[in-house]
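Fold and geometry: a report
Here's the letter readout for the chains.
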Amino acid sequence: MLRHSGGPMLKLYNNNIERFLIDNAKVMPYSTGCKTPLSNFEASSNYKEVPDPEIMVAFPIIDDSDGACFVAWTTTPWTLPSNLALCVNANLVYAKVRNKFNGKVYVVAESCLAELPVEKAKKGLPDGVFGVSENSNLRAKSSGAKTKNVDTYEMLDKYTGALLVGKKYIPLFDYFKDFSLVAFRVIADDYVTGDGGTGIVHCAPAFGEDDYRVCMENGIISKGENLVVAVDDDGCFTERITDFSKRYVKDADKDIIQAVKSKERLVKSGSFTHSYPFCCRSDTPLIYRAVPSWFVAVEKIKDQLLENNKQTYWVPDFVKEKRFHNWLENARDWAVSRSRFWGTPLPIWISDNGEEIVVMDSIEKLEKLSGAKVTDLHRHKIDHITIPSSRGTEFGVLRRVEDVFDCWFESGSMPYAYIHYPFENVELFENNFPGHFVAEGLDQTRGWFYTLMVLSTALFGKPAFRNLICNGLVLAEDGKKMSKRLKNYPPPSEVINDYGADALRLYVINSPVVRAEPLRFKKDGVYGVVKDVFLPWYNAYRFLLQNAKRLEVEGLAPFAPIDKQILQQSSNALDQWINSATHSLVHFVRQEMDAYRLYTVVPYLLKFLDNLTNIYVRFNRKRLKGRTGEQDCRTALSTLYHVLLTACKSMAPFTPFFTEVLYQNLRKVTNGSEDSIHYCKFPEVEGKRVDLIEESVNRMMTIIDLARNIRERHNKPLKTPLREMVIVHPDTEFLDDITGKLREYVLEELNVKSLVPCNDTLKYASLCAEPDFSVLGKRLGKSMGIVAKEVKAMSTENILVLEKAGEVTIATHVLKLSDIKITRKFKYPDNVKEEEMDAAGDGDVLVILDLRGDDSLFEAGVAREVVNRVQKLRKKVSLEPTDMVDVFFKSLDNDKTVFQEILKSQEQYIRDVLGSSLLPSDLLPPRAVILTEESFHGISNLSFTIILTRRAVV
């Protein structure tokens with residue numbers, strides 16, 4: 001981090017030492033296992049539920065006429081030898097009560113009287129019962145006692161905590177008798193509450209943050225002077241605590257409690273289970289201990305930190321607005337020194353009396369002041385170096401402080417330290433700071449994100465980053481943390497080998513983890529990405545390659561994509577639509593990436609791929625296979641080529657490996673392309689999005705879905721031709737879209753012979769109106785019932801008037817067309833049976849199918865069944881689409897002419913789909929190479945055999 005000349009973080013000390021650098025003792029979470037203080041965010045990472053002793057201790061009040069004792073409650077008996085004060089809340093009411101059975105007088109918060117100890121009952125009271133006199137108007141609490149309001153404690157007096165301030169008490173131990181002039185008195189602070197314990201807190205300033213603060217504020221200790229820390233670096237008592245010297249504090253708890261009891265000062269004892277911090281490295285319990293440390297004075301720049309946070313953009317924003325903001329608002333001075341050997345040494349040299357401090361901001365400065373040659377900045381290479389005092393030789397020398405930097409200080413310095421700013425790369429840094437974005441886990445809210453913000457604010461007055469992506473945690477499938485010990489996760493190499501790195505990447509990007517929420521990792525989820533994303537994508541790519549190769553197999557010129565500008569002029573509706581959809585994809589990905597929203601991209605990509613494979617490729621099979629002419633085939637193939645290429649470039653940052661493989665093949669048919677997709681520029685939105693054509697295709701798909709639903713209800717598969725479909729809609733533009741440029745796609749996909757538009761909504765449907773309760777409920781209130789009744793009673797004529805006018809007045813309320821749901825219900829024509837015709841609608845358009853059959857429809861259906869069987873046989877013997885075969889048929893029925901006549905009448909359809917005619921088996925050459933042969937029975941009540949042979953080379 002410091003390299004050869006120092007580092008930018010040293011400027012923080014050198015230029016702002018009075019403002020930001022604090023050399024002082026502060027109570028910090030301290031690891032006795034690692035012998036070093038921890039930062040607050042380190043200490044918060046490893047809490048455990050553990051039992052600790054809880055005791056109440058009596059502190060006799062000096063010069064009290066009743067011989068009363070203050071009663072303090074604690075769960076850290078080991079801190080009692082260092083007690084210097086008792087703290088109350090000046091605004092709480094405190095009660096002085098006498099136990100009528102043993103005569104002891106206690107002072108506690110009135111609200112905590114029920115927490116006082118339970119005496120062995122006299123006068124027939126059950127064990128575990130105590131109470132207060134009825135005259136006190138206080139009720140006692142009892143745990144499992146059958147008798148309530150027992151006259152156990154007598155109220156002697158009540159007063160506010162403010163009246164107790166200054167009262168002296170007899171200390172529990174005499175280890176700190178040299179503090180008697182300033183200590184062992186009552187002080188007050190608002191951190192004391194009356195909702196637990198006794199409302200009186202014992203203060204050991206070396207072992208509690210609030211204890212240290214209130215004792216400092218009340219003159220019991222002085223900053224940097226008389227604080228005594230009676231526990232050493234190993235967590236053992238020092239020689240000052242003579243009775244427990246060299247004992248580990250937690251191990252001494254029982255003996256300290258026994259000592260308190262022997263002094264007749266133990267009021268109550270028990271066990272208390274609570275959440276307690278442990279060291280995340282040594283797994284030993286932390287203690288709060290005053291340690292001499294160097295601090296960054298974060299509290300001085302808190303307002304600027306909050307202001308800088310407002311200048312940043314987070315995804316998701318709730319982490320910034322809630323979690324991070326709250327952490328900054330409660331930020332405390334940051335201890336940046338650690339008592340360790342390995343680490344970056346603090347570059348601070350200090351005199352023995354602490355009055356002279358020199359901060360080194362470069363090796364050059366250290367060499368100049370010390371006269372020593374410095375080649376290594378590790379502790380064992382520089383700790384021996386001293387600097388003569390600038391005041392003269394009689395003042396001795398300055399030595400380096402022993403501590404090293406908190407490693408979080410180093411990570412927070414990353415934006416400038418890694419390029420050695422300000423000693424090098426000044427222009428590079430200043431032109432690129434703050435950084436454009438950072439990304440890390442939610443746990444770094446109090447870690448890296450925080451240290452980045454603190455240091456950049458202190459050094460530059462600005463945040464270290466502009467944008468931030470905050471990730472959640474990836475958990476095992478059972479919701480637990482992934483653990484090497486438990487082996488509750490699949491090996492990453494196994495997941496990548498099975499499904500690929502790109503699938504894993506998309507799975508995580510499309511999960512809650514990029515919204516700062518936890519993800520339960522499932523290997524099956526990665527497979528789902530392969531199935532839903534990569535297989536459809538690859539199938540569209542493979543279909544392009546197969547049909548581009550077909551051109552050469554058929555003796556035509558090799559495929560070369562037509563220029564995109566020319567393709568923009570294509571008259572084909574689906575060409576226009578898929579080009580528009582591709583532009584929409586590019587626009588959407590750019591928009592979402594500008595906003596750092598990773599999680600929106602995959603759902604949009606899925607929708608795009610579904611449209612590409614299930615609409616464009618599926619509906620254009622004839623064109624792509626050359627059945628509509630060579631030029632139209634090249635136009636369709638070129639459109640598909642450019643769509644795939646643009647999609648690959650758009651998705652390259654998300655799926656770098658998959659897109660690179662596809663790109664390397666796609667680039668072979670163009671000149672001047674980049675060597676890698678990752679050298680290509682991100683696509684621009686070229687041409688224009690044609691929103692109208694996208695809307696038209698959406699309408700087409702709505703109609704197709706409705707027609708499919710009718711077929712399913714009546715068990716009419718798509719291979720069964722139907723005579724007629726009627727589309728009912730009042731908008732002639734809507735009907736023109738479907739019956740114009742999209743007509744052939746609808747007829748072919750639904751296998752319908754005729755398409756009839758109808759804008760007379762009353763010819764096939766009756767109109768019904770119903771109020772939109774979700775819209776009108778709040779607006780109409782009590783009038784909703786009356787209005788709903790009248791809306792439902794509207795006649796067909798009134799509904800038509802509403803559709804034309806756009807509004808209607810009912811019960812003095814003006815209702816817009818958007819306030820009312822109008823539905824069209826199918827009305828059967830005269831002399832038509834229900835099984836002969838059916839309809840489906842979505843409230844906007846009505847689709848009607850004529851389900852009656854005839855001979856011509858039967859023949860077309862048989863032809864589709866035969867073609868379907870041929871395609872399955874080709875797949876069965878693993879033929880590529882470009883593999884040329886001859887197909888022969890043989891009727892197995894007694895009357896063979898029926899099947900032959902059907903095939904003859906449907907010859908054009910069969911040729912269009914298969915690319916060749918079906919030949920009778922009589923023409924099968926004697927030496928033909930038969931690839932497969934299979935017989936089929938009961939297909940439309942017909943039986944036949946299909947034979948595939950390798951086509952002879954002429």
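An account of the accompanying structure is given in this report. Bear in mind that the values here come from a model prediction, so they are computed numbers and not experimental data. (Residues numbered from 1 in each chain as written. Predicted model: local features only at pLDDT ≥ 70, side-chain atom pairs only at ≥ 80, totals over all residues. Heavy atoms only, no water.)

1. Thoughts on the nonpolar core
Here is the rule we go by: Nine residue types can take part in a nonpolar core, namely buried Ala, Val, Leu, Ile, Met, Phe, Trp, Tyr and Cys, and a core is a set of them joined through side-chain atoms within 4.5 Å. For every residue, the accessible area obtained with a 1.4 Å probe (protein chains only) is divided by the maximum for its type, and the residue is called buried under 20%, exposed over 50%, and partly exposed between those limits. Where helices and strands are cited, they refer to DSSP runs of H or I of at least four residues and of E of at least two residues respectively, numbered from the N terminus. Contacts are assigned to residue pairs with any non-hydrogen atoms lying within 4.5 Å of each other.
Trp537, Leu574, Met700 and Met725 are the most contacted members of the largest nonpolar core, which totals 87 residues. Counting residues per element, this core draws most heavily on helix H15 (residues 523-553), which supplies 12 residues. Sequence-distant contacts of Met725, that is, excluding residues within four places in its chain, are made with Ile703, Ala707, Val746, Leu750, Val752, Ser754, Leu755, Val756, Val847, Ile848 and Leu849. In terms of nonpolar packing, the next biggest core, distinct from the first, is built from 67 residues, Phe176, Cys203, Ile256 and Ala259 among them.

2. A few points about the pairing of strand E32 (residues 846-850)
Selection rule: Should DSSP find at least two bridges between two strands, the strands are regarded as paired.
With five of five residues buried, E32 is to be regarded as a mostly interior element. Alignment of strand E31 (residues 837-841) against E32, held across five bridges, turns out to be antiparallel. Looking at E32, one finds that Gly841 is bridged to Leu846. The antiparallel hairpin formed by E31 and E32 contains four residues in its connecting segment, where Gly843 sits at a positive phi of about 90 degrees.

3. A few points about the pattern of salt bridges
Put simply, the rule reads: Note on definitions: salt bridges are taken to be side-chain nitrogens of Lys or Arg within 4 Å of carboxyl oxygens of Asp or Glu.
Scanning all chains against the criterion turns up 43 salt bridges. For the salt bridge of Lys96 with Asp66, the shortest nitrogen-to-oxygen distance reads 3.2 Å. One end of the pair, Lys96, is in strand E6 (residues 93-99); the other, Asp66, is in the loop between strand E3 (47-60) and strand E4 (69-74), and 30 residues separate them in sequence. Looking at Lys96, the relative accessible area reads 7%, which means it is buried. Notably, a salt bridge pairs Arg98 with Glu154, separated by 3.8 Å at the nearest N-O pair.

4. Notes on the side chain of Thr198
Tracing the chain through its elements places Thr198 in the loop between strand E9 (185-188) and strand E10 (201-203). Accessibility expressed as a relative area gives 2% for Thr198, which makes it buried.

5. Looking at the packing of aromatic side chains
The geometry of an aromatic ring pair is captured by two quantities: the separation of the ring centres and the angle between the planes. This is how the line gets drawn: Aromatic rings from Phe, Tyr and Trp, taking only the six-membered ring of Trp, are treated as a pair when their centres fall within 6.5 Å; an angle between ring planes under 30 degrees marks them as stacked, one over 60 as edge-to-face, and anything in between as tilted. In this scheme, the term charge over a ring applies when either NZ of a lysine or CZ of an arginine sits within 6 Å of the ring centre and within 35 degrees of the ring normal.
All chains considered together, the criterion is met by 39 aromatic pairs. With centroids separated by 6.2 Å and ring planes inclined at 50 degrees, the aromatic side chains of Tyr421 and Phe460 adopt a geometry described as tilted. Highlighted residues: Tyr421 in the loop between helix H10 (414-417) and helix H11 (426-431) and Phe460 in helix H12 (residues 448-460), separated in sequence by 39 residues. Consider the rings of Phe899 and Phe944, whose centres lie 4.9 Å apart with planes at 10 degrees: the pair is stacked. In this pair, Phe899 is assigned in helix H30 (residues 896-905) and Phe944 in strand E36 (residues 942-950), connecting sequence segments 45 residues apart. The rings of Trp314, Phe324, Trp448, Phe449 and Phe465 are connected pair by pair, giving a single aromatic cluster. Just above the ring of Phe395 sits the side chain of Arg391; from NZ or CZ to the centre is 5.9 Å. Directly above the ring of Tyr599 sits Arg515, whose terminal nitrogen or CZ lies 5.6 Å from the centroid.

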